[in-house]
Amino acid sequence: MQRRAFTVEFFSNIVGNSALRRRLADDILDGSLSHAYIIEGFEGSGRRTLALNIAAALSCTNRVGERFPCLECGACRKILEGKTPDVIRITPDRDRVGIGVDAARFIRTDTMTVPNDFEHKVYIIENADAMTPQAQNALLLTLEEPHSYAIFLMICQSASSMLETVRSRAPVIRTEPVSDSLLSEYIMEHDVRARGLASSPEEYAALLAEADGRIGRALMLLDPKQRQPGIARRELAERFAVTFSAMSTEQARLELLSGFSAKRDAVTEELATISLSLRDLIVLKKSDDAPLCFWHDRDRASDIAWKYTLSGLFALYDKVCAATDALSRNANIRLTLTALVEC
């Protein structure tokens, strides 16, 4: 089918992801939207915002305006403010990690009731990749024979964790990270704390790096309490790189141990940050103008990089990756870190 030429702005409150926005808007306006999608992406990348906007677009009454969905008509406001029974959010129970079969059975029963306010009922399933296999199989029965008014939006971090039979009935769409410039523009416009933080360029640059192109994560990190763990990880990674770049003593390296967390998940994140910093140093050894992911002070990064040999950096990077892999296999945290810093 040949697409008509639209002049409206699609999903105007979604930053970036232009191709995805156009595809979804075209499908809605053409009446060819799938009855189910898996929305894949990292936490804070706009998956929930996109799901709500899809729900709003399906019922928007002002499709001829400058924006689609318009976000201002009664239908859009009702959906975005959570004031309609036709948008149902399924979340894990507080005392459970995943979503069990009871939730899938509830969905199947609820779909038998026609919409109350609009033409569609939209089911937004949070943490869909945490659904038990039994729950996914139960949901599959609904996906195979959906009512014409039912739309299912399954939010997850990795669709690969879901059953192939479910994936075959729900196209996977992915929210992508946005550029630092778009990220900065958005948070500056929407949160006064960003304008205050910008007066400290180094800390602001660190926030953008930690946000990794995710607006939701950037807004969360504007809270100093939420930002502090990331700052600590970055300081540890920089100290690690500096310590190993010098002819440091074994005692100096052992002192690095006090900077690591005692919890496995936190240590894994710390090692991931260290890996990212070493990756930057490796690419700097190959090209002075290479794009950096961790270091925002290029001159300082270059000074540190040139205290290493390229082979030395690769060897250190591999050892950090090996330590991360060992922790994923339930190795002892203290012994793994001690072996790493003594290398």
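Computed from a prediction, not measured in an experiment: that's the story for all the values here.

Peer 1: For this particular structure, what's the right way to read the sheet that holds strand β6 (residues 150-156)?
Peer 2: Strands in a sheet are paired, the pairing made by backbone hydrogen bonds, and the direction either parallel or antiparallel. Within the open sheet, the five strands sit side by side as β4-β5-β6-β2-β7. Their pairing is parallel. Taken across any chain shown, the strands that pair with only one partner, and hence form the sheet edges, are β4 (87-90) and β7 (172-174). Looking at each pair of strands side by side, their axes are set apart by 20 degrees on average, direction ignored. Judged from the five bridges that link them, strand β5 (residues 121-125) and β6 form a sheet pairing that is parallel. Looking at β6, one finds that Ile125 is bridged to Met154. Together, β2 (36-40) and β7 form the strand contacts of helix α1 (residues 18-30), whose direction differs from that of β7 by roughly 135 degrees. In the packing of helix α5 (residues 133-144) onto the sheet, the strands contacted are β2, β5 and β6, and the crossing angle to β6 comes to about 140 degrees.

Peer 1: Help me out: how do you make sense of the side chain of Thr84 in this one?
Peer 2: Within the secondary structure layout, Thr84 lies in the loop between α3 (74-80) and β4. Judged by relative accessible area, Thr84 falls into the buried class, the value being 8%. Within the local environment of Thr84, its side chain forms a polar contact with the backbone nitrogen of Asp86, the two atoms lying 3.1 Å apart.

Peer 1: I keep staring at the packing of α1 against helix α2 (residues 47-59) and nothing clicks. Help me out?
Peer 2: In a packed pair of helices, the relevant descriptors are the angle between the two axes and the axis-to-axis distance. Where α1 meets α2, the axes come as close as 10 Å, and the angle between the chain directions of the two elements is 30 degrees. Here α1 lies roughly parallel to α2, going by the angle between them. The hand of the α1/α2 crossing is right-handed. Residue-level inspection shows Leu20, Leu24 and Ile28 of α1 in contact with α2, the latter providing Leu50, Ile54, Ala57 and Leu58. Across the contact of α1 with α2, the residue classes tally to seven nonpolar, no polar and no charged.

Peer 1: Looking at this model, I keep getting lost on α1. Mind explaining?
Peer 2: Every α-helical turn comprises 3.6 residues, leaving residues that sit three or four positions apart pointing alike. Counted at 1.5 Å a residue, the expected span for α1 with its 13 residues is 18 Å, and the 18 Å between its end C-alpha atoms agrees. Residues of α1 that are buried: Leu20, Arg21, Leu24, Ala25, Asp26, Asp27, Ile28 and Asp30. Buried residues in α1 make contact with β1 (9-10), β2, α2, β3 (67-68) and β7. Following α1 by one or two positions, Gly31 adopts a phi angle in the positive range, close to 75 degrees.

Peer 1: Looking at this structure, how should I read the packing of aromatic side chains?
Peer 2: The way to describe two aromatic rings as a pair is by their centre distance and the angle between their planes. The tally for this structure, following the rule as stated, stands at four aromatic pairs. Measuring from ring centre to ring centre gives 6.5 Å for Phe11 and Phe68, while their planes differ by 55 degrees; the resulting arrangement is tilted. Here Phe11, found in the loop between β1 and α1, pairs with Phe68, found in strand β3; they are 57 residues apart in sequence, far enough to count as distant. With respect to burial, Phe11 and Phe68 carry one shared label: buried.

Peer 1: I keep staring at the packing of helix α13 (residues 264-286) against helix α16 (residues 333-341) and nothing clicks. Help me out?
Peer 2: The interhelical angle for the contact between α13 and α16, taken along N-to-C directions, is 20 degrees, at an axis separation of 11 Å. The angle between the axes of α13 and α16 places the two elements in the roughly parallel class. The chirality of how α13 crosses α16 is left-handed. Of the residues in α16, those touching α13 at Arg264, Val267 and Leu271 are Ile333, Leu337 and Leu340. For the contact of α13 with α16, the class distribution of residues is five nonpolar, no polar and one charged.

Cut-off values and rules
- Residues numbered from 1 in each chain as written.
- Predicted model: local features only at pLDDT ≥ 70, side-chain atom pairs only at ≥ 80, totals over all residues.
- Heavy atoms only, no water.
- Pairing = 2+ DSSP bridges.
- Helix = DSSP H or I, 4+ residues; strand = E, 2+ residues; numbered from the N terminus.
- Axes fitted to C-alpha atoms, helices over the stretch in contact; angles between N-to-C directions.
- Contact = heavy atoms within 4.5 Å.
- Buried < 20%, exposed > 50% of the residue type's maximum accessible area, 1.4 Å probe, protein only.
- Polar contact = N/O pair within 3.5 Å; in protein donor to acceptor, adjacent residues only side chain to side chain.
- Parallel < 35°, antiparallel > 145°, perpendicular 65-115°, else oblique.
- Left-handed = near helix turned anticlockwise from the far one by under 90°.
- Nonpolar A, V, L, I, M, F, W, Y, C, P; charged D, E, K, R; others polar.
- Expected span 1.5 Å × (residues − 1).
- Phe/Tyr/Trp six-rings, centres within 6.5 Å; stacked < 30°, edge-to-face > 60°.

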